[in-house]
Structures are given as structure tokens and as C-alpha cells.
Amino acid sequence: MDQKRLFAAIALSIGILLIFDVWNRTNRPPAPLPALPAMQTAPAVPVPSPAAAGGVPTPGVTAPVQTEASATAARPPAARVSIENARVAGSINLRGARVDDLVLTTYHETLAPDSPRVRLFDQRSSANPYFAQWGWTAASPAVRVPDSETDWTATPGPLTASNPVILSWDNGRGQVFEIALSVDDQYMITADQRVRNSGAEPVSVLPWARIRREHTPIGAGYYILHEGFTGVLGDRLHEMTYSSAKTEATRRSGVALDQETAGGWAGFTDKYWLAAVMPAAPDQTLRASYRFANDGGGDAGDRWQVDMATPQPITIAPGATGQMATRVFAGAKEVHLLDSYMDRLHITDFDKAIDFGWFYFLVKPFFLALDWIFRLTGNFGVAILIFTVLIKAAFFPLANKAYHSMARMKALAPKMAELKERHKDDPQKVQSEMMALYRSEKVNPASGCLPILIQIPVFFALYKALFVTIEMRHQPFFGWIHDLSAPDPTNLFNLFGLLPFDPVQYSHFLHMPAWALIMGVTMFVQQKLNPAPPDPIQAKIFQWMPIVFTFMLAGMPAGLIIYWAWNNTLSVAQQYYIMRHDRAAAKAAKSTGKTAKAKS
Amino acid sequence: MTAAAIALKGCVHAYRYTLRGVIGSHCRFYPSCSDYALEAITTHGAARGALMSATRILRCNPWNPGGYDPVPLPPKG
């Protein structure tokens, strides 16, 4: 039948897509996006933002690069003021007023205790340039503003929670620029940008703060997880991947998104880390932009920027001071920390920096419950097991109700056999007659589609909660699992380490960890207890699912595979329990019937 | 058939060849909910068909006896 062939083709395509996803995840080639000629010949002056009022230049992404490239050599190295608190260590680069050196001191790169700490911000000269910077764009031509080559003077450091540092620069024409930097005991830097005008004329400037990333990070690359531009602007979450920002910005002269926002925040998110800029006061209105530019040299020249500026240039009368206050968050996306910033500093939806997704209303409470159990038990893996049991228990009445009629089904067996005999050549007819029989006898072996469909978002939410939160990072489980957020390191293809080679170097398919195999077996057993789809092609696919899933999940974080295996095991146990219970009940009913007969 | 109807039916087919393989078939009715959805969308159009399918799924729970439940015929005219 033609239709069946079509469906088989669809099924095959889906299978290929799933497998491609697995391969793609670990072996992601750089996105081959065409760089339009317009972007390659980037202008040397700040890119005028067409959206900005009166054509005033906003902090263009290309400007500082050009300036720096032309005016290098034969200058003393830039002076620095160090930053120290309980969570970060780094320094302020006094040339250009930027924080381009920041290490998260409480996070190691790998499990080894002597491994380097996680570095978030790094200098222009490094492989992964990433920094926060503050500055001004001149709106009236006469005013001289600092640029990326300006050497600032600073009050004594280091910048600590108790010691703010003020950078200042006199433009020699009557205006003094100041950036007062302070840091809390976590990841928040506050910058108060001031211009004191002691000249005779009013000056007009546009103050801005920006986060800039001069490389494209190699992301975890999971479809389920957002990495790239993110922010809550005008009370709405605006997420944009690097590739879609590139496409959008290429079409709109460098600006991928441009919006005024009262409060809110915007920045770059990695799986676990965030750098974001936001107004210091929650009711303050600023203009936020996501930008992209290319400095040439193909994809390696890609530059990304999130900035916030005042909606209009500020005009400062002689003797007056113009001011803008912003904050920069640069650190780990710990759920409780983001929540506390949201409460204390009234940052709109700051917790959405964690990619909780569409099921936010389920995922976040699930995470909070998991985290609570984790604090009680001390092991995140155990917390996953316990929480899954709790969720299963909540759905138990539904499952129980479904199997309740199992016992009475037995009584119908002779009638069913007769039906099957009568319509031997017409399985469809058997189906419909059986359904009619169920109805007249008021029994039905299936639980129904609704209870199953309700459970899907719930278990997806738990999966997502485990996936996106940093709290599972570097948390051990029993045996060979030392990091629940990383793939299980064991591999069937080198006999779990007996053979001295790493098969993954030949193909990413050659990774089959022990926990994935356990998951595959539990899924297989669980399927045996489920009714197979009536359609033979679908039934075939159904049989292959455990194998497909075993391969698909092999590279996933171990915590997720353990959760999946445990969830399957619980389903099997539940089904087994209910079936045995009903059988016992049927037996009891039978024997009491017998004794009643014997008595009469 | 409208584009919306084709898209919806595509979703149902996609479900049958992916998710159904994972969660199993648990329908209490004949025809099954996915068969019902395909037929309802074909005979009643995307909007009405989708609505009918949604209410059918809501009915497909342990408190409903289930059984034979065909798609109603479209009104004549």
C-alpha cells in the first residue's frame, strides 16, 4: 500500500533526524552563514543606529575595534585595578574603562580540584575576548568623549564590596567624565557614569554600558537549551541565538534588536553563566540593543554586543552633572541567587536568564523541590530518585483506576475469543466489536489518552529542570558517576575501560555508557507491559524505540539518563504491583464465591 | 483541505510515529483518538475538527466507559 510506504519513509526520516541531532550535538560545525558585503566593509565611525532619535550615534560595535587596531604599538601596558570578593577575582582595565578579566573563584572548569577556575571575562588579546565596558558617544560635535584607548585614572583599589573605585578622565575642554564602580559580595557590579560640565557651553552626550563578546562561544549545542542573546525588555523575554541574531542584524545594518525598556536586563547566556547589563533603578527607562558586526576574517571576525544607553542623549548645562547608573551581572546562574537579586533589586524576571522554557510554571517549582531534597540528602542523584518517586506517587491513583477493571476483563475472555474467531479476517471489525463489548460490560483495559498526555509535560518539566540548572554541575552519584551534568564516561565499545583506547575519537556513535544501556533495558521492559500500536508499521517502530533512545541519550548528562532509567523502572514496578494486586483481588473474590456456594 | 488542516494532520501523523512509540497506546475508544482526530479534521475542517479531537481526548480518561465512539457526520447542506 502506497500510504504505508509513505509513512515508512516519514518514520525513516525522523529516525535519521534524531540520529543527526546526536551527531550534531557533539560535532557541531560552525554555522555557515553568509556574511553580506555590507557587513564586511564596516565603517570606521560609530555605526549610527537608525532607530535612535535624531540619528545620534549609539555605541556602535565596530568603532572601538578600528581605533584600537590603528593606535597600538609603543604605548605602555594598560594599568589595572583588581577586583576581589568571595565569588570573583579579576581586574578593571583602565585603558578603555572595561572589566575584561573576571574569574569565578567558586567554580572549577573540571572535577579535578586543581583545575583552573571558570573564566568569564577575558582580554581582547586572548582567544575568547569577552568584557563589560562603559562609555559615552558624543551627540554635539564639539565635545570630546573618552574612547577605548583612553587611559583613566582611578582611586586606590582593589575594588571590593567595601571599597568602591572611581575612574575619572578630564577631556581638557571643561568636562570631567567619571565612572564610579562598586561590587557586591556576589556577581553584581554597579556603575554610576557621570559627566561634570565646567565649560561655558552645554554639552550633549549619550552614556552607554555594554557587554561585548568578540568570539562566538562553542555552546553545548542542545536544541532543548538556549544559548546566546537573552534579556527581559519591556516585560518580555527576548531570546536570540547567535545565528539568528546574525541573520537579523545583517538585514538591519548591525542591529538585531533595539527596544526601550523600563527596568529589565539583557546580556549573553551560556548554559551556566551569564553576563548582563541592566538599569540600576527598576523604573529607569533605557534603550537596549542586541548587535552583531564582522571584523573580517570569516566567522572568526564575528562580534556580538548587548548595550544599554539612555533613550535620548543627555544635555548637560554649564556647571551641571549628567548621570546614568547601570549594573552588570557577571557570574553563575544560581537559581536562589537570581531570585534574591530579583527580590532585592527588583530586576524584572531575572530568573528567566535560566532557560526554564515554556513550562516555567512547572519547571521552577520542580527545581525548588529538587533542590530542597538535595539539601536534605546531600546527594543530587538521590534527590532525583526521591523526587521522581513523589511525582509517580501523585499519578498513582490515575494508573490504579485504569487497571482496576483488569480483573473483570478476565471474565470476558471467552466472549472475546469467540469474537476473534467470528471476525478472523477483519481485525478492524474485531476491534470495534471488542470496544462495544467493553462498553456494554462496563470494563476497559486502557487508561485513556488524557492521563498519559497530562504526564508528558510533567516529566518533560522535570527533565528540563535537571538540564538547565547549574546546581547539578559537578555533583557526584554512586559508582563511576562523578558529575551528573556530564555524560557517563564508561563505554561499552572499549569494554568499559578494559581496552586501552577511546572509541569516541573514531566516531561519536561509538560512545555507549553503562547507564544508557541500563536505560535501554528498562525502556524495553516497560514497553513489553504496554499495549503495542494496532498498526504493524507503528508496532515495528515501537520495537525499535528503546534502541533509538539508547543511542540518542548516550551523550546526555548522566543525571538525565539516571532519571529516565529510574522513571521507567518505577513505571514497571507500578504496573506489576497493580496487576498482582488485581489478580489477588480476583482470586479472593473467586474463593469467597466458592465458599458461599458450598455453604448453601 | 486547508493548509491548517494539512498541518494538523501532519502533527497527528508525526505523533503516531514518534511519541506514541515511547508512551504506548492507551486509548479507551474505537476509533482511537488519533484516528478520530484525522477523520474529524478531514470531515469537519481544521478548527472544528481540532476542537472535536480535543474534547475526545478529554473524554478519554478512566472515568469514561470508552468503547465505540465514531466521528459525528457533518451537518447536511
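Computed from a predicted model, the values in this text were never measured in an experiment.

### Here we look at the overall build of chain A
- Assigned secondary structure in chain A consists of 13 helices and 19 strands.
- Looking at the 600 residues of chain A, the share that counts as buried comes to 52%.
- Approximately 27600 Å² of chain A is accessible, and the part contributed by carbon and sulfur atoms is 62%.

### Things to note about the interface of chain B and chain A
- The interface is formed by 27 residues belonging to chain B together with 36 residues belonging to chain A.
- Carbon and sulfur atoms supply 67% of the area buried between chain B and chain A, which totals about 3000 Å² over both sides.
- Joining chain B to chain A, the criterion identifies zero salt bridges.
- Linking chain B to chain A there are two residue pairs in polar contact (both at pLDDT 80 or more).
- The set of elements that each furnish at least two residues to the side of chain B that touches chain A consists of helix H1 (3-17), helix H2 (19-23), strand S1 (29-30), helix H4 (46-59) and strand S2 (67-68) of chain B.
- Per element, the largest residue contribution to the side of chain B that touches chain A is five residues, and it comes from H2 of chain B.

### Notes on the pattern of salt bridges
All names here are of chain A.
- Applying the stated rule across the entire model yields 28 salt bridges over all chains.
- With a shortest N-O distance of 2.6 Å, Asp339 and Lys364 are connected by a salt bridge. Placement of Asp339 in helix H5 (residues 335-345) and of Lys364 in helix H6 (residues 360-377) is noted, with a sequence separation of 25 residues between them. You'll find Asp339 and Lys364 in the same group, each marked buried.

### A look at the sheet that holds strand S7 (residues 165-170) of chain A
Residues and elements named next belong to chain A.
- Taking strand neighbours across the sheet as the criterion, the nine strands line up as S6-S7-S8-S9-S19-S15-S14-S11-S12 in an open arrangement whose pairing is antiparallel. Of all strands in the sheet, those bounded by a partner on one side alone are strand S6 (153-154) and strand S12 (236-237).
- One ladder, built from six bridges, connects S7 with strand S8 (residues 175-183); its direction is antiparallel. Counterpart to Ser168 in the pairing with S8 is Glu178.
- Sitting on the sheet, H5 touches strand S9 (188-197) and strand S19 (321-332), and the angle it makes with S19 is about 160°.

### Here we look at the UniProt feature "transmembrane region" (unreviewed entry) in chain A
- Summarizing the sequence annotation, UniProt attributes the feature "transmembrane region" (unreviewed entry) to residues 6-23, 380-399, 443-463 and 546-566 of chain A in the numbering used throughout.
- Here residues 380-399 of chain A runs as 100% helix and 0% strand, with 28 Å between its end C-alpha atoms.

### What to know about the pairing of strand S16 (residues 285-294) of chain A
Residue and element names in this part refer to chain A.
- Across the 10 residues of S16, nine count as buried, placing the element largely inside the fold.
- Across seven bridges, strand S13 (residues 255-262) lies against S16 in antiparallel orientation. Pairing of Asp258 across the sheet is with Ser289, part of S16.

### Regarding the confidence of the model for chain B
- On average, residues of chain B score 85 in pLDDT, and 97% of them are at 70 or above.
- The complex model carries a pTM of 0.78, and its ipTM stands at 0.88.

### Looking at the environment of Lys333 of chain A
All names here are of chain A.
- Relative to the helices and strands, Lys333 resides in the loop between S19 and H5.
- For the pair formed by Lys333 and Arg212, sequence separation is 121 residues and the distance between their alpha carbons is 19 Å.
- Setting aside its immediate chain neighbours within four residues, Lys333 contacts Thr269, Asp270, Lys271, Tyr272, Trp273, Leu274, Leu338, Ala353, Ile354 and Ile470.
- Only 2.5 Å separates the side chain of Lys333 from the side chain of Thr269, close enough to count as a polar contact.

### Things to note about the nonpolar core
Residues and elements named next belong to chain A.
- Of all hydrophobic cores here, the largest spans 134 residues; its most connected members are Trp134, Phe329 and Phe350.
- Residue contributions to this core peak at 10 residues, all from helix H10 (residues 449-468).
- When residues are assigned to domains, this core turns out to be shared by domain 1 (67-218 + 228-349) and domain 2 (356-479 + 559-566), each giving three or more.
- With sequence-adjacent residues up to four places away left out, Phe350 is seen in contact with Met188, Trp265, Leu274, Met278, Phe329, Leu338, Tyr341 and Met342.
- Judged by nonpolar contacts, the second largest core, of eight residues, contains Met416, Val430, Met434 and Met435.

### Looking at the packing of aromatic side chains
Residues and elements named next belong to chain A.
- In total, this model carries 30 aromatic pairs over all chains according to the counting rule given.
- Measuring from centroid to centroid gives 6.1 Å for Phe396 and Tyr577, while their planes differ by 50°, and the two rings are tilted. On the criterion of sequence distance, the pair formed by Phe396 in helix H7 (residues 380-403) and Tyr577 in helix H13 (residues 558-599) is long-range, its members being 181 residues apart.
- Measuring from centroid to centroid gives 4.9 Å for Phe477 and Phe478, while their planes differ by 50°, and the two rings are tilted.
- Residue classification places Phe477 among the buried positions, given a relative accessible area of 11%.
- Within the aromatic cluster, the residues linked to one another by ring pairs are Phe121, Tyr130, Phe229, Tyr242, Phe268, Tyr290, Phe292 and Trp304.
- Sitting over the face of the ring of Phe131, Arg98 holds its NZ or CZ atom 5.2 Å from the ring centroid.
- Looking at Lys271, its charged tip hangs above the ring of Phe467, at a distance of 4.5 Å from the centre.

### Here we look at H4 of chain B
Residue and element names in this part refer to chain B.
- An ideal rise of 1.5 Å per residue puts 20 Å on 14 residues; H4 measures up with 20 Å between its terminal C-alpha atoms.
- For H4, every residue scored as buried is listed here: Ala46, Gly49, Met52, Ser53 and Arg56. Along H4, the residues classed as buried sweep out an arc of 135° about the axis, all on the same side. For H4, the exposed residues set more than 90 degrees away from the buried face come down to Ala47, Leu51 and Leu58.
- Contacts from the buried residues of H4 go to H1, S1 and helix H3 (33-44).

### Here we look at the environment of Trp152 of chain A
Residue and element names in this part refer to chain A.
- Mapped onto the elements of the fold, Trp152 is located in the loop between strand S5 (130-138) and S6.
- For Trp152, a relative accessible area of 5% translates into the label buried.
- For Trp152 and Arg98, which are 54 residues apart along the polypeptide, the C-alpha to C-alpha distance reads 10 Å.
- In this view, Trp152 contacts Leu94, Gly96, Ala97, Trp136, Pro146, Leu167, Ser168, Trp169, Phe177, Glu178 and Ile179; residues no more than four positions away in its chain are not counted.

### Comments concerning the packing of helix H11 (residues 514-529) of chain A against helix H12 (residues 536-553) of chain A
Residue and element names in this part refer to chain A.
- At a minimum axis separation of 9 Å, H11 and H12 run at an interaxial angle of 160°. With respect to H12, the axis of H11 lies roughly antiparallel. Taken as a pair, H11 and H12 cross one another with a handedness that is right-handed. Residue-level contacts link Ala516, Leu517, Met519, Gly520, Met523, Phe524 and Gln527 of H11 to Phe542, Gln543, Met545, Pro546, Phe549, Thr550 and Leu553 of H12.
- When grouped by side-chain class, the residues that make up the contact of H11 with H12 number 10 nonpolar, four polar and no charged.

Basis of the calculations
- Residues numbered from 1 in each chain as written.
- Chains lettered and ligands numbered in written order.
- Predicted model: local features only at pLDDT ≥ 70, side-chain atom pairs only at ≥ 80, totals over all residues.
- Heavy atoms only, no water.
- Helix = DSSP H or I, 4+ residues; strand = E, 2+ residues; numbered from the N terminus.
- Buried < 20%, exposed > 50% of the residue type's maximum accessible area, 1.4 Å probe, protein only.
- Areas by Shrake-Rupley, 256 points an atom, 1.4 Å probe, with all protein chains shown as cover.
- Contact = heavy atoms within 4.5 Å.
- Buried area = accessible area lost by both parts, 1.4 Å probe.
- Salt bridge = Lys/Arg side-chain N within 4 Å of Asp/Glu carboxyl O.
- Polar contact = N/O pair within 3.5 Å; in protein donor to acceptor, adjacent residues only side chain to side chain.
- Pairing = 2+ DSSP bridges.
- Axes fitted to C-alpha atoms, helices over the stretch in contact; angles between N-to-C directions.
- UniProt positions renumbered as here; feature names shortened; annotations may be inferred.
- pLDDT = per-residue confidence, 0-100.
- Core = buried A, V, L, I, M, F, W, Y, C linked by side-chain atoms within 4.5 Å.
- Domains from an automatic or database assignment.
- Phe/Tyr/Trp six-rings, centres within 6.5 Å; stacked < 30°, edge-to-face > 60°.
- Lys NZ or Arg CZ within 6 Å of the ring centre and 35° of its normal.
- Expected span 1.5 Å × (residues − 1).
- Arc of directions from axis to C-beta.
- Parallel < 35°, antiparallel > 145°, perpendicular 65-115°, else oblique.
- Left-handed = near helix turned anticlockwise from the far one by under 90°.
- Nonpolar A, V, L, I, M, F, W, Y, C, P; charged D, E, K, R; others polar.

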